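# Summary of the model geometry
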Amino acid sequence: GAGVSQSPRYKVAKRGQDVALRCDPISGHVSLFWYQQALGQGPEFLTYFQNEAQLDKSGLPSDRFFAERPEGSVSTLKIQRTQQEDSAVYLCASSLGGQGFTEAFFGQGTRLTVV
Amino acid sequence: AQKITQTQPGMFVQEKEAVTLDCTYDTSDPSYGLFWYKQPSSGEMIFLIYQGSYDQQNATEGRYSLNFQKARKSANLVISASQLGDSAMYFCAMRDRAGKSTFGDGTTLTVKP
C-alpha cells in the first residue's frame, strides 16, 4: 500500500508478556518516528530513526522498551514484561526528509491493552 | 524543552461557520516547524497544515489557515466554512531540527448541523 502500515491493529497482552509491534513506513522515507498515545491525550514521542540509525530514544519510558530498524525500512517496537500502564495506542510515522520539517505520515496505530 | 499548550478541550461550531482552535508553544530553538493534525474517531492522524518558524506568510491549505504570531508564540488553526466531517480531535505539534515532535493535548471539535 501507499501509506504507513502498522500491525497488529489490536493487541491484548497478559501482564508480563513480551510484545512486538511492527511499522512499515512509506517506501523511501528516511525518517521514522514512534509515539505513544494514552486515551484522551496527545501523542508522546518515544524514539526516532534516520535510516537504520536510532538518533533519539529519549522518550522511551523504561529499559523494557526497545526499538529497531535494522535495514532502514521496517521498524519494530518491542515491549518486554508488559505492565498495565503500557496500555495505549502506539503510533508510527514516517517522513521523506532526513531532518527538519517535512510532513510526517502516520499509520493507524496499534492499540495495546495489557490485562 | 519544547511545550505545546491547547487550552480548549472542546469546541462547538455551527455548520458553515468559521472556527479558531488555539495553540501556543514554547521553545528556545530559533528553528522549528509547527503542524496541525486531525484525528477522527477512527484513530488515524491526518496532516492538515505546516508553518516554518522563518516563514513570513501564514500558511493556508484549502479551508485551513494557520494564524502564526511568532512574537506571541501562537499558531492558531482557522477552519473556514465548517463541515460535519470536520468533527474530530485536532492536535497542534512542534518539531525541532532533530526531528523530535511535541504534541498538545488536543481540542475536540464538534460541528453542529
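Higher on the page you've got the structure.
Residues numbered from 1 in each chain as written. Chains lettered and ligands numbered in written order. Predicted model: local features only at pLDDT ≥ 70, side-chain atom pairs only at ≥ 80, totals over all residues. Heavy atoms only, no water.

### Observations regarding the overall build of chain A
- The helix and strand inventory of chain A stands at 0 helices and 11 strands.
- In chain A, the succession of helices and strands from N to C terminus is β-β-β-β-β-β-β-β-β-β-β.
- Whereas a compact globule of 115 residues would reach a radius of gyration of roughly 13 Å, chain A reaches 13 Å, a difference of no more than 12%.
- Oriented by its inertia axes, the alpha-carbon framework of chain A measures out at about 40 × 25 × 25 Å.
- Going through the 115 residues of chain A one by one, you find that 48% of them count as buried.
- By sequence separation, contacts in chain A at least 24 residues apart represent 53% of the contacts at least 6 residues apart. (Helix = DSSP H or I, 4+ residues; strand = E, 2+ residues; numbered from the N terminus. Rg over C-alpha atoms; globule rule 2.2 N^0.38 Å. Buried < 20%, exposed > 50% of the residue type's maximum accessible area, 1.4 Å probe, protein only. Contact = heavy atoms within 4.5 Å.)

### Points about the pairing of strand S4 (residues 31–37) of chain A
Residue and element names in this part refer to chain A.
- Counting buried positions along S4 gives 7 out of 7 residues, so the element sits mostly inside the fold.
- Along S4, one buried face is formed by Ser-31, Phe-33, Tyr-35 and Gln-37 and the opposite face, lined by Leu-32, Trp-34 and Gln-36, is buried too.
- Pairing between S4 and strand S5 (residues 44–50): 6 bridges, direction antiparallel. In the strand pairing of S5, Trp-34 is matched with Thr-47.
- The pairing of S4 with strand S9 (residues 88–95) spans 7 bridges and is classified as antiparallel. Counted as the bridge partner of Gln-36 is Tyr-90 from S9. (Pairing = 2+ DSSP bridges.)

### Details of the sheet that holds strand S8 (residues 75–79) of chain A
All names here are of chain A.
- Strand order in the open sheet formed by 4 strands is S1-S3-S8-S7, and the pairing between neighbours is antiparallel. Both outer strands of the open sheet, strand S1 (5–7) and strand S7 (65–68), are each paired with one neighbouring strand and no more. Each adjacent strand pair in this sheet contributes to an overall mean axis angle of 15°, direction not counted. (Axes fitted to C-alpha atoms, helices over the stretch in contact; angles between N-to-C directions.)

### Comments concerning the interface of chain B and chain A
- Between chain B and chain A, the contact holds 24 residues from the first and 21 residues from the second.
- In this structure, the connection of chain B to chain A is made through 0 salt bridges.
- Summed over the shared surface of chain B and chain A, the result is 2 residue pairs in polar contact (both at pLDDT 80 or more).
- Those elements giving two or more residues to the side of chain B that touches chain A turn out to be strand S5 (32–39), strand S6 (46–52), strand S10 (88–96) and strand S11 (101–103) of chain B. (Salt bridge = Lys/Arg side-chain N within 4 Å of Asp/Glu carboxyl O. Polar contact = N/O pair within 3.5 Å; in protein donor to acceptor, adjacent residues only side chain to side chain.)

### Some remarks on the side chain of Asp-56 of chain A
- Within the secondary structure, Asp-56 of chain A sits in strand S6 (residues 53–56).
- What Asp-56 of chain A contacts, discounting residues up to four positions off in sequence, is Phe-45, Leu-46, Thr-47 and Tyr-48 of chain A together with Lys-100 of chain B.

### Some words on the environment of Trp-34 of chain A
All names here are of chain A.
- Here Trp-34 lies in strand S4.
- What makes Trp-34 buried here is its relative accessible area of 0%.
- Sequence spacing of Trp-34 and Lys-57 is 23 residues, and the spatial spacing of their C-alpha atoms is 9.6 Å.

### As for the state of the cysteines
- Under the criterion given, the structure shown has 2 disulfides over all chains.
- Sulfur-sulfur distance for the disulfide between Cys-23 of chain A and Cys-92 of chain A comes to 1.9 Å. Every disulfide takes its handedness from the sign of the S-S torsion; for Cys-23 of chain A and Cys-92 of chain A that torsion is -65°, giving left-handed. Of this pair, Cys-23 of chain A sits in strand S3 (residues 19–24) while Cys-92 of chain A sits in strand S9, and the two are 69 residues apart along the sequence.
- Assessed through its relative accessible area of 0%, Cys-92 of chain A is described here as buried.
- Between the sulfur atoms of Cys-23 of chain B and its disulfide partner Cys-92 of chain B the distance amounts to 2.0 Å. Given an S-S torsion of about -60°, the disulfide between Cys-23 of chain B and Cys-92 of chain B has left-handed geometry. Of this pair, Cys-23 of chain B sits in the loop between strand S3 (19–21) and strand S4 (24–26) while Cys-92 of chain B sits in strand S10, and the two are 69 residues apart along the sequence. Judged on exposure class, the residue Cys-23 of chain B and its partner Cys-92 of chain B are both buried. (Disulfide = S-S within 2.5 Å.)

### Structural notes on the side chain of Ser-75 of chain A
Residues and elements named next belong to chain A.
- Structurally, Ser-75 is set in strand S8.
- A relative accessible area of 0% means that Ser-75 is categorised as buried.
- Apart from the residues lying within four places of it in its own chain, the contact partners of Ser-75 are Leu-21, Arg-22, Cys-23, Leu-32, Trp-34, Phe-49, Glu-68 and Arg-69.

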